[in-house]
Amino acid sequence: MASIAAVPVRSPSFLPLRNFRNGLQFWPELGLDCTCKYSNGRVTYRKFVVKAMESDVDSGLRNDAVVIKSSEKDYAERQQKLHQNIVAKLHESVGSLPVFAFPIGKLSGMNFTIGLCIVATMLVVVVKGYAAKGSSDRRPGSVADLVRRGQLRSDRRGISTPLKYEDPFNNPMVKVSKSNSTVEMCGKVYRLAPVTLTDELQTVHQKRRSRAYQWKRPTVFLKEGDPIPSDVDPDTVRWIPANHPFATTASDIDEGLAQTNVYQKHGVPFRIQAEHEALQRKLEALQNDQKLGKLVIDPASARDFERPLKSHMKSENQVEHNISTPKSGSSASPSDHPSGNKPLPEELQNP
Amino acid sequence: MISIHTIIKPSTLQFRPKRPSRKPPKTLAPIHALLQYNRKPQLAGDTPRVVVITSGKGGVGKTTTTANIGISLARLGFSAVAIDADVGLRNLDLLLGLENRVNYTVVEVLNGDCRLDQALVRDKQWSNFELLCISKPRSKLPLGFGGKALIWLVDALKNREEGPPDFILIDCPAGIDAGFITAITPANEAVLVTTPDITSLRDADRVTGLLECDGIRDIKMIVNRVRTDMIKGEDMMSVLDVQEMLGLPLLGVIPEDTEVIRSTNRGYPLVLNKPPALAGLAFEQAAWRLVEQDSMKAVMMEEEPKKRGFFSFFGG
């Protein structure tokens, strides 16, 4: 009977399929039955039945049957012959399997390579984890620097216990873990950390700030260089640079008026009203000035102011000229002129 | 209060804007309740609640916070007036998309060029939200005058005909000089915006001290631009570390979100995004807590995900 150990198969799941396919070609000659179950493209052997036979199966079985019926002496001789045949056939079969010698050597090389890869990977993972732990302390600009500088207290960090969370809205985007301490949301995992600020801590901070920051509201704004009035507390003075672009200390606005403007709810705003009234007054004044300019002097009263002229003609002409000058907007026609019915020259009729 | 309730059914937040009606100021007891999206938050404290949003350090997100919390309050049905108290550098109108509608500012009101109601810019989508700017760029305002002017403004808003607003949010300028002093003058409570870095925290601590010296005791904190991945990797302080340093109750934790930049470019507040952004949901939660005068009771800390499968062993 052929020994299975003659065909070592140690790790069938790692061996490539093609080698087994080559080997399977020789199994029927050995009388080896194997049932192969394929799983995930790999060959896994479930049953392996090995029995050695002669090349002629039927004649072998018949010979065995004859040996039983013959004498014991013949039986022993035949057993020896059978063993020799079997050994010879085994040698033949092993010799006819050169392909197996190659995959066996190859298999051991593959195993070594795979093992080496696994070890290397584990080493990489370990080194990576160690580097990640160490880099957080050694990397500049991390929170550890703030702790070293004394800006943060290291003893208070990370002492809170996670809160239990109830999700009443049954949001599929929010996944709560079984222990209710973590929540998965938008692809990230979050833990609920309770706020640790108490009223006492808040009071401590307020007292610290009141000691650190002494400040009085500035009520007096002065330009740089101005003297401080005697009755003003220097702490309440705010100095403004003279060239400050958006600030001025000069108050051109009357405070009372400004307050009134702010509280106004109806009507025209004060400045618009004031401008409108000013414009109105100006227009009226302008109109009055124009009216004065177009006034006609009474000839009776004008003579009192006349100078005595040298020539009589000149005085008559002047009087006529004064009389004939029409008033502005006057609808009086030359025919209605009270001086007489004398027709006036054309150039005197026209204004 | 657990902030995990953020990621749930944001459509339930669509409340109808409340009609403004004249109502006397009322005092309500502080309410402590879990954050629930299926009910309107109950207003606590005296109305109008004058809240100044400040930080000390510039660029931490004060104006973004003011815009988003203001619109969130309007969406929740409360009337709100946002005042941009930055004399000289005006930005709140840009975030709200109202820059083309600002014709008059408080300077014009003081000068008598317009009335106060003409200087208020009402949002077209949310009619119970209004914007008021202190001044136009490059205009001058007497510094000692600014605080009084803001007090008159708040008083005038309280006594207006359609009734006082529920909230008056004042966007404070950076620094602790005259602009800061002007902005905090009429405020009763403060929201301190900070980021989890040491420079911002130092300035925030100083500003908190000045606020307490000036008599403002109700100060809550919003931690902005939080990176949970950096906190996990110990490259950024956690929110609890920030709270340990400042000693202030938490109003909200806003994660870093690229949608903030996009919403600024569009002039569309982040809280109005559909689908909602994480930062927008966080702002809504903060607005909720502001209404009920509540603070956060727990924060979320990112952890390592559970390793699954064979290949996760290799650190992939």
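Residues numbered from 1 in each chain as written. Chains lettered and ligands numbered in written order. Predicted model: local features only at pLDDT ≥ 70, side-chain atom pairs only at ≥ 80, totals over all residues. Heavy atoms only, no water.

Here's the deal with the overall build of chain B
- Along chain B, the regular secondary structure elements total 11 helices and 10 strands.
- Out of the 316 residues belonging to chain B, those deemed buried represent 62%.
- In chain B, the proportion of contacts linking residues at least 24 apart, taken out of those at least 6 apart, comes to 78%.
- For chain B, the computed accessible surface area is about 12100 Å², with 52% contributed by carbon and sulfur atoms. (Helix = DSSP H or I, 4+ residues; strand = E, 2+ residues; numbered from the N terminus. Buried < 20%, exposed > 50% of the residue type's maximum accessible area, 1.4 Å probe, protein only. Contact = heavy atoms within 4.5 Å. Areas by Shrake-Rupley, 256 points an atom, 1.4 Å probe, with all protein chains shown as cover.)

Looking at the UniProt feature "binding site: ATP" (unreviewed entry) in chain B
All names here are of chain B.
- Using the residue numbers shown here, the UniProt feature "binding site: ATP" (unreviewed entry) corresponds to K57, G58, G59, V60, G61, K62, T63 and T64.
- Along the chain, G58 falls in the loop between β1 (49–54) and α1 (62–75).
- Topologically, G59 is positioned in the loop between β1 and α1. (UniProt positions renumbered as here; feature names shortened; annotations may be inferred.)

Section: the packing of helix α7 (residues 199–212) of chain A against helix α7 (residues 198–213) of chain B
- Remark: α7 of chain A packs on α7 of chain B, axes separated minimally by 9 Å, with the N-to-C direction vectors making an angle of 85 degrees. Taken together, α7 of chain A and α7 of chain B sit at an angle that is classed as roughly perpendicular. Along its contact with α7 of chain A, which presents Q206, R208 and R209 of chain A, the element α7 of chain B presents D205, T208, G209 and E212 of chain B.
- A per-class count over the contact of α7 of chain A with α7 of chain B returns no nonpolar, three polar and four charged. (Axes fitted to C-alpha atoms, helices over the stretch in contact; angles between N-to-C directions. Parallel < 35°, antiparallel > 145°, perpendicular 65-115°, else oblique. Nonpolar A, V, L, I, M, F, W, Y, C, P; charged D, E, K, R; others polar.)

Topic: the sheet that holds strand β8 (residues 218–226) of chain B
All names here are of chain B.
- With mixed pairing, eight strands are arranged side by side in an open sheet as β3-β4-β2-β6-β1-β7-β8-β9. Taken across any chain shown, the strands that pair with only one partner, and hence form the sheet edges, are β3 (121–122) and β9 (250–255).
- Contacting β1, β2 (80–84), β4 (129–133), β6 (167–171), β7 (189–194) and β8, α1 runs over the sheet at an angle of about 165 degrees to β6.
- On the sheet, α7 packs against β1, β7 and β8 and is oriented at approximately 170 degrees with respect to β7. (Pairing = 2+ DSSP bridges.)

Some words on the pattern of salt bridges
Residues and elements named next belong to chain B.
- According to the stated counting rule, one finds 19 salt bridges over all chains in the structure shown.
- E189 is the partner of R49 in a salt bridge, and the nearest nitrogen-oxygen pair spans 2.9 Å. Of this pair, R49 sits in strand β1 while E189 is found in strand β7, placing the two residues 140 residues apart along the sequence. Each member of the pair R49 and E189 is classed as buried.
- One salt bridge in this structure joins D93 and R90, with 3.3 Å as the shortest N-O distance. (Salt bridge = Lys/Arg side-chain N within 4 Å of Asp/Glu carboxyl O.)

Some thoughts on the confidence of the model for chain B
All names here are of chain B.
- Averaged over every residue, the pLDDT of chain B is 84; the share at 70 or more is 81%.
- When mean pLDDT is taken per element in chain B, β7 scores highest with 97 and strand β5 (residues 141–142) scores lowest with 62.
- Within the model, pLDDT remains below 50 along residues 1–26, and this stretch shows 73 contacts once partners closer than five positions in the same chain are excluded.
- The low-confidence segment residues 28–34, where pLDDT is below 50, has 17 contacts with residues more than four positions distant or belonging to other chains. (pLDDT = per-residue confidence, 0-100.)

Topic: the packing of α7 of chain B against helix α9 (residues 239–246) of chain B
Residues and elements named next belong to chain B.
- Packing of α7 against α9 leaves a shortest axis separation of 10 Å and a crossing angle of 35 degrees. The two elements α7 and α9 cross, and the hand of that crossing is right-handed. Between α7, through I198, L201, A204 and D205, and α9, the contact on the second element is made entirely by V242, M245 and L246.
- Tallied by class, residues from the contact of α7 with α9 come to six nonpolar, no polar and one charged. (Left-handed = near helix turned anticlockwise from the far one by under 90°.)

Considerations on the pairing of β6 of chain B
Residue and element names in this part refer to chain B.
- Most of β6 sits out of view: five of its five residues are buried.
- When β1 meets β6, the two strands line up parallel, connected through five bridges. Residue V51 lies in a different strand from β6, and its bridge partner there is L169.
- Taken together, the five bridges between β2 and β6 define a ladder with parallel strand orientation. Counterpart to V81 in the pairing with β6 is I168.

Let's talk about the environment of L116 of chain B
Residues and elements named next belong to chain B.
- Residue position: L116 is located in helix α4 (residues 116–119).
- Overall, L116 belongs to the buried group, its relative accessible area being 6%.
- In sequence terms L116 and A156 are 40 residues apart; their C-alpha atoms lie 8.3 Å from each other.

Side note on a nonpolar patch on the surface
All names here are of chain A.
- Taken together, L279, L283 and L286 make up a surface patch of nonpolar side chains, about 290 Å² in accessible area.
- Note that L279 resides in helix α9 (residues 270–293).
- For L279, a relative accessible area of 52% corresponds to the exposed category. (Patch = residues over 30% accessible without salt bridge, like charges linked within 9 Å, V, L, I, M, F, W, Y side chains within 5 Å.)

As for α9 of chain B
Residues and elements named next belong to chain B.
- In terms of burial, α9 is largely enclosed, as eight of its eight residues are buried.
- Turning to α9, its buried residues are V239, L240, D241, V242, Q243, E244, M245 and L246.
- Within two residues after α9, G247 carries a phi angle of roughly 70 degrees, on the positive side.

With respect to the pairing of β4 of chain B
Residue and element names in this part refer to chain B.
- Among the five residues that make up β4, five are buried, leaving the element largely enclosed by the rest of the structure.
- Burial of the side chains of β4 extends over both faces: F129, L131 and C133 are buried on one face and E130 and L132 on the other.
- Summarising the sheet, β2 and β4 pair through five bridges and their orientation is parallel. What sits directly across from A82, in β4, is L131.
- Where β3 folds back on β4, the antiparallel hairpin that results is connected by six residues.

Some thoughts on unusual backbone geometry
All names here are of chain B.
- For the bond running from T47 to P48, omega is -5 degrees, close enough to zero to count as cis.
- Within the element layout of this structure, P48 appears in the segment before β1.
- The amide bond that connects K274 to the next residue, P275, takes the cis arrangement and shows omega of 0 degrees.
- Take P275: it is sitting in the loop between α10 (259–266) and α11 (278–292).
- If you check the backbone angles, R225 has positive phi at about 60 degrees while not being a glycine.
- Examined against the element boundaries, R225 turns out to sit in strand β8.
- For E234, which is not glycine, the phi torsion reads 60 degrees and is therefore positive.
- Mapped onto the elements of the fold, E234 is located in the loop between α8 (228–232) and α9.
- Judged by its relative accessible area of 33%, E234 is partly exposed.

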